[in-house]
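# Architecture and fold: a report
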Amino acid sequence: MKEMQEKVEKVPRIRPTGRIIYEVTIQHVGSLNALRQRESKVIFFSNLRKAVDAITAELALTNWPPRINYTAVYRGIKQREFYSCDFDVAGTRVFRIKVVARVLNPALPRLGIDDNPTK
């Protein structure tokens, strides 16, 4: 039993030192965008639950179907590092909502500088 425990080496896991924030982007896509040019909107949230609640509330206010839920967004970010959902009317895409996790204030890299050999 001790042999198995000795063979299993613990690999140090590097955790990001910065905070995770969630970037929500609304991109207007499809042929309707050619008629009415609109720029993408980017919003940042510190909490994924608040981001999803804000999206679902805005979709409900503007009478779009509630196709986004917390579980789908969480799983999409964990598996693919982003979540994306397209909204369409009569087979024509209107806009896309994309949620991406970003690191706020990441740790500085070592920049390839070695230690000073002389002391």
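Everything numeric here is computed off the predicted structure, so don't read it as measured data. (Residues numbered from 1 in each chain as written. Predicted model: local features only at pLDDT ≥ 70, side-chain atom pairs only at ≥ 80, totals over all residues. Heavy atoms only, no water.)

### Quick look at the overall build of the protein chain
A count of helical and extended segments in the protein chain gives four helices and four strands. The linear arrangement of helices and strands in the protein chain, starting from the amino end, is α-β-α-β-α-α-β-β. Sorting the 119 residues of the protein chain into buried and exposed places 24% on the buried side. A sequence separation of at least 24 residues applies to 51% of the contacts in the protein chain between residues at least 6 apart. Carbon together with sulfur atoms contributes 53% to the accessible area of the protein chain, which is approximately 10000 Å² in total. (Helix = DSSP H or I, 4+ residues; strand = E, 2+ residues; numbered from the N terminus. Buried < 20%, exposed > 50% of the residue type's maximum accessible area, 1.4 Å probe, protein only. Contact = heavy atoms within 4.5 Å. Areas by Shrake-Rupley, 256 points an atom, 1.4 Å probe, with all protein chains shown as cover.)

### Looking at the environment of Arg-93
On the secondary structure map, Arg-93 appears in strand S4 (residues 92-104). Considered as a pair, Arg-93 and His-28 are 65 residues apart in the sequence and their alpha carbons are 8.5 Å apart. Of note is the side chain of Arg-93, whose polar atom sits 3.4 Å from the side chain of Asp-86. (Polar contact = N/O pair within 3.5 Å; in protein donor to acceptor, adjacent residues only side chain to side chain.)

### A word on the packing of aromatic side chains
All told, the structure shown has four aromatic pairs when counted by the stated rule. Centroid distance Trp-64 to Phe-95: 4.9 Å. Interplanar angle 90°. Geometry classified as edge-to-face. Remark: Phe-95 occurs in strand S4 and Trp-64 occurs in the loop between helix H3 (48-61) and helix H4 (70-80); sequence separation between them is 31 residues. Judged by relative accessible area, Trp-64 falls into the partly exposed class, the value being 22%. In this structure Phe-95 comes out as buried when scored by relative accessible area, which is 8%. Consider the rings of Phe-87 and Phe-95, whose centres lie 4.8 Å apart with planes at 15°: the pair is stacked. (Phe/Tyr/Trp six-rings, centres within 6.5 Å; stacked < 30°, edge-to-face > 60°.)

### Some remarks on the side chain of Thr-25
Structurally, Thr-25 can be placed in strand S1 (residues 19-28). On the accessibility criterion, Thr-25 (9% relative accessible area) is buried. At 3.4 Å, the side chain of Thr-25 and the side chain of Glu-23 are in polar contact. Apart from residues no more than four positions distant in its own chain, Thr-25 is found in contact with Ser-40, Lys-41, Val-42, Arg-96, Ile-97 and Lys-98.

### Digging into the sheet that holds strand S2 (residues 41-45)
Working definition: the strands of a sheet are paired by backbone hydrogen bonds and lie parallel or antiparallel to each other. Taken together, the four strands give an open sheet; going across it, the order is S2-S1-S4-S3, and neighbouring strands pair in antiparallel fashion. Of all the strands in the sheet, the pair left with one neighbour each is S2 and strand S3 (82-89). Averaged over neighbouring strand pairs, the angle between their axes works out to 20° when direction is ignored. On top of the sheet, H3 reaches S1, S2, S3 and S4; it is set at about 165° to S4, its chief contact. H4 contacts S1, S3 and S4 of the sheet and is inclined by roughly 130° relative to S3. (Pairing = 2+ DSSP bridges. Axes fitted to C-alpha atoms, helices over the stretch in contact; angles between N-to-C directions.)

### Thoughts on the side chain of Glu-23
Here Glu-23 shows up in strand S1. Among the residues examined, Glu-23 registers a relative accessible area of 14% and is labelled buried. A distance of 3.0 Å separates the side chain of Glu-23 from the side chain of Arg-102, its partner in a polar contact. Every residue in contact with Glu-23, bar those within four places of it in the chain, is listed here: Val-42, Ile-43, Phe-44, Lys-98, Val-99, Val-100 and Arg-102.

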